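Chains, contacts and geometry: an overview
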Amino acid sequence: RWGKKCISTENNQEGLWGKLICTNFKVSFIPQDTSPKQKSTLSHLLLGEHDIPLTCLEQVVTVNDTKGKKKVLGSNQKLKFNPTELILYCKDLRVIRFCFDEAGPESARKVCLAIAHYSHPADLQLLFGFEYQGRRYHESKAERVNGSTPRGLQTPIFDRSSDWDREIKRTNASEWRVCSINQNYAVSSSLPEHIVVPSSLTDQDLVQYASSFTDGRIPMWCWSHSNGSALVRMSSLTDPLQQKKTEQKIFAAITKSHPQRNEPFRSDLDKSLPSILDIQSAFVKLRQICILDPFEESEERWLSTIENSRWLEYVRAFLKHSAEMVYHLEGGNSSVILQEEEDRDLNCVVSALMQLMLDPRYRSLIGFQSLVQKEWVMAGHRFLDRCNHLKKNDKEESPLFLLFLDCVWQMMNQYPAAFEFTETYLTVLSDSMWIPLFSTFLFNSSKQRAQHLMDFAKHKAIPQGEDQVVYFPPVWEWSQQFSTKDQTLFNNPMYVGKGAACVQNGEVKTFKRKPKAYSSTLRGPPTNLRNGVKGGEETLTRRSSLANELKSELTPVKDESPSERFFKDWFSRPADLQGLLIPLLMPSHMAFWKLFFLRWVPEACISKGGPVTTYHKLSQLVDEIEILQSQLRQYKGTSPGNTPLTSSGGNPTDQRRMYFQASSPDDPSTPPEYLTSSFPFTPTGNLSRRTVQGTPISKFLNGARIWLSTETLANDTV
């Protein structure tokens, strides 16, 4: 269907002419005049620059300017007027407008109805991933030996007992064991088939206790500290008659697993944190502010409106509660039990954040992916419902995973050298939720995944017993979405992790878990290196911030509590990037994640500005260092003593890890022209605006007005 994609740039407010097509996977716009792809755009192997996956569509709106009519289209709905415009509101916060100036009225109507219909699939099996992966499996058959391929993933999936065994050994959780009573989901429909439980409990005991918990979700081990304390998550008890008796036996077993037999600390997250409805409400307000509302207020008013959405307040609440639980586990030397009614939403956020703070393994790329796989995917987070992929129940929708990624970004923003991955990686990971080609974000539980993929395998004539990871891979196979070159945008040049901490006598010193009291964990790098940034300028703002924050919210007391002493002691010392990390938690420390929320907004896009300019220069420096290291090795000859310093991601040493590579002395020192604060995304051609007149502050000074195509589109005037 011929139409025009309405975009605005400095030199063009007319738009692109081309053909609008709807498939069972995406809405695709093919420009009449193909222009070379911008260097600043991340090249997706399955999606073109103007493509939108159908699962990414939030709302399909048709407009007739001449009649002043507008209609939000759902599945199988009729359209009584010929549309002159189509507005697509996307879940990744894009707003895209197409004008049918020269298209026939009937063809314009048909394409609008087709997009509305196919973006509301009646069944999960109708999502394009099932068609795509079936075809991919058979087309790649020649590449596999005997019809099967061993897993090539570095990221553990935790669908096998061996994955859990490795995690038990890694954390030295000797009093815990892998239990398979949920084989074939006999006990719980939402737990994985293999879980970790106290060694003192028999399978018979666990089967008996399961009936007392919501959906049979018996307490599940997440992680163990070197002091013997464990992190455990559980659902609520449903049987009031058996509640006290069952609780006592479970708690006694967890106490017995502790070397000092310390009693566990329980936290009821339903009483302590915002609900999923609160989080959804805050996100809807934030989306309205960032995308749908006109950028016509003063910057001061705009920032206060962001604050009033309560999104950052909720991000802070989850970080703060996670830090408090970390104190009980590390400083209080007690096991921590996170309890939530269903154990599938808030527990996912807090358990993952706690482990991110406690264990540097999860701050590496592979480690972080294993954390998401373990605490979100296999733990039974309702991705299908919370993402509302089938658009059947808006009340179940809630961006819990995005909230978690924002919390992770807050920590990355405060400790930039502690994480192997970048904010580009977090943004791409969030965007992957709306690409229905991978098993990670499509299902509500392991059981639902197994059932659908079993039916899928039968339908596609895939041999019985074939590994599901082979024929329906998880999102962690990034090579299906991005080239090797583009994947280097995930690598943080500042990362100080295992294998890259320091070199002494030609040997790489690596992080090793050791038993220690909490005070000894506070010893970190020298005072001239704090949070991965040279200099001591951050000391005053960082010192004792959480302790002061906790004090302000508690009744004043003469003596410091143990938790206050713990936080005061921790913040008074340099942060150990390979040890415990506690984020700054005053409201003023919560930053707005601009790359994610404002990447499609032209007014917020700074040419040759933003964090990417630092990333660009650091990447070049790291690449130059690695080239010099390689040349030194060639000069000296290879030996165990001069092994290259590589990231824990395990990339081959002969592969360039940095996206921006070392420049020659003749190259200009300034950043490339295509670099903007939205890199590697670009607002041009994505956000529909009829005029672009500057940044919020310039509008405040000049009194300029900017408006979007929104619900009042037909009646708006400039």
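Residues numbered from 1 in each chain as written. Predicted model: local features only at pLDDT ≥ 70, side-chain atom pairs only at ≥ 80, totals over all residues. Heavy atoms only, no water.

The name an unreviewed UniProt entry assigns to the chain is Myotubularin related protein 10, from the organism Oreochromis niloticus. For the record of the chain, the UniProt heading Sequence similarities (unreviewed entry) holds the text "Belongs to the protein-tyrosine phosphatase family. Non-receptor class myotubularin subfamily." (UniProt positions renumbered as here; feature names shortened; annotations may be inferred.)

Time to look at the sheet that holds strand E12 (residues 230–234). If you walk across this open sheet you meet the four strands as E11-E12-E14-E13, and the pairing is mixed. Unpaired on one side and paired on the other, strand E11 (220–224) and strand E13 (265–268) mark the two borders of the sheet. Strand after strand, the sheet turns through a mean of 20° between neighbouring axes, direction not considered. Packing of helix H10 (residues 346–358) onto the sheet brings it into contact with E11, E12 and strand E14 (336–339), and relative to E12 it is tilted by some 170°. (Pairing = 2+ DSSP bridges. Helix = DSSP H or I, 4+ residues; strand = E, 2+ residues; numbered from the N terminus. Axes fitted to C-alpha atoms, helices over the stretch in contact; angles between N-to-C directions. Contact = heavy atoms within 4.5 Å.)

Across the chain, the average pLDDT comes to 82, with 78% of residues at 70 or higher. In the model, residues 8–13 has pLDDT below 50 throughout and makes ten contacts with residues more than four positions away in sequence or in other chains. Contacts for the low-pLDDT stretch residues 687–718, under 50 throughout, to residues beyond four places or in other chains number 84 contacts. (pLDDT = per-residue confidence, 0-100.)

As a further point, take the nonpolar core. Counting 172 residues, the largest nonpolar core has Trp-311, Phe-368 and Phe-404 as its most contacted members. Both of domain 1 (2–120) and domain 2 (161–451) provide at least three residues apiece to this core. With residues up to four places along the chain from it excluded, the contact list for Phe-404 reads Val-349, Ala-352, Leu-353, Phe-368, Val-372 and Trp-376. Within the second largest apolar cluster, 15 residues are counted, among which are Leu-127, Phe-130, Ala-457 and Tyr-471. (Core = buried A, V, L, I, M, F, W, Y, C linked by side-chain atoms within 4.5 Å. Buried < 20%, exposed > 50% of the residue type's maximum accessible area, 1.4 Å probe, protein only. Domains from an automatic or database assignment.)

Considering all chains together, one arrives at 44 aromatic pairs under this definition. Ring geometry for Phe-368 and Tyr-425: centres 6.2 Å apart, planes at 75°, overall edge-to-face. Here Tyr-425 lies in helix H14 (residues 423–431) and Phe-368 lies in helix H11 (residues 365–377), a separation of 57 residues in the sequence. Just as Phe-368 is buried, Tyr-425 falls in that class too. Pairing Phe-401 with Phe-404 gives two aromatic rings, centres 6.0 Å apart and planes at 35°, and the pair type is tilted. One end of the pair, Phe-401, and the other, Phe-404, are both in helix H13 (residues 400–414), three residues apart, so they sit about a helical turn from each other. As far as burial versus exposure is concerned, Phe-401 and Phe-404 are alike and both buried. Within the aromatic cluster, the residues linked to one another by ring pairs are Phe-368, Trp-376, Phe-383, Phe-401, Phe-404, Phe-419, Phe-421, Tyr-425, Phe-441, Trp-478, Phe-482 and Phe-490. Here the guanidinium or amino end of Lys-485 rests over the ring plane of Tyr-659, the centre of that ring lying 4.6 Å away. (Phe/Tyr/Trp six-rings, centres within 6.5 Å; stacked < 30°, edge-to-face > 60°. Lys NZ or Arg CZ within 6 Å of the ring centre and 35° of its normal.)

On to the pattern of salt bridges. Summed over all chains, the structure comprises 29 salt bridges. The salt bridge involving Glu-58 is made with Arg-287; its shortest N-O contact spans 3.6 Å. With Glu-58 in strand E5 (residues 57–64) and Arg-287 in helix H7 (residues 276–292), the pair connects residues that are 229 residues apart, well separated along the chain. A residue is classified by how much of its surface remains accessible, and Arg-287, at 16% relative accessible area, is buried. Of the charged contacts in the structure, one is a salt bridge between Lys-271 and Asp-268, with a shortest N-O distance of 4.0 Å. Shared partners join several salt bridges into a network, and the residues in it are Arg-217, Arg-233, Asp-343, Lys-374 and Glu-375. (Salt bridge = Lys/Arg side-chain N within 4 Å of Asp/Glu carboxyl O.)

Here we take up helix H1 (residues 105–118). With 14 residues, H1 ought to run about 20 Å at 1.5 Å a step, and its terminal C-alpha atoms sit 20 Å apart, in line with that. Of the residues making up H1, those classed as buried are Ala-108, Val-111, Cys-112, Ile-115 and Ala-116. Down the axis of H1, the buried set is contained in an arc of 135°. They therefore lie on one face. (Expected span 1.5 Å × (residues − 1). Arc of directions from axis to C-beta.)

Across residues other than glycine, the phi torsion is negative in most instances, and most of the peptide bonds are trans. Phe-679 connects to Pro-680 through a cis peptide bond whose omega is 5°. Phi at Leu-93 takes a positive value of approximately 80°, unusual for a residue other than glycine. Along the chain, Leu-93 turns up in the loop between strand E7 (85–90) and strand E8 (95–99). Backbone geometry at Asn-333 places phi at a positive 55°, although glycine is not the residue there. Position of Asn-333 relative to the elements: it lies in the loop between helix H9 (311–331) and E14.

Now for the pairing of E12. E12 sits mainly inside the fold: five of its five residues count as buried. Examined bridge by bridge, E11 and E12 share four bridges and lie antiparallel to one another. Looking at the pairing, Met-220 lines up with Arg-233 of E12. Direction of pairing for E12 relative to E14: parallel, over a ladder of four bridges. Residue pairing across strands places Met-234 opposite Gln-339, the latter belonging to E14.

This part covers a positive patch on the surface. Taken together, the side chains of Lys-67, Lys-69, Lys-78 and Lys-80 present a region of like positive charge at the surface. With relative accessibility at 40%, the residue Lys-69 sits in the partly exposed group. (Patch = residues over 30% accessible without salt bridge, like charges linked within 9 Å, V, L, I, M, F, W, Y side chains within 5 Å. Areas by Shrake-Rupley, 256 points an atom, 1.4 Å probe, with all protein chains shown as cover. Lys, Arg positive; Asp, Glu negative; His and termini not counted. Charge placed at Lys NZ, Arg CZ, Asp CG, Glu CD.)

Next up on the list: H13. Taking 1.5 Å of rise per residue, the 15 residues of H13 would be expected to cover 21 Å, and the 22 Å separating its terminal C-alpha atoms lies within 8% of that figure. Of all the 15 residues making up H13, 14 are buried; the element is thus mostly covered by neighbouring parts of the structure.

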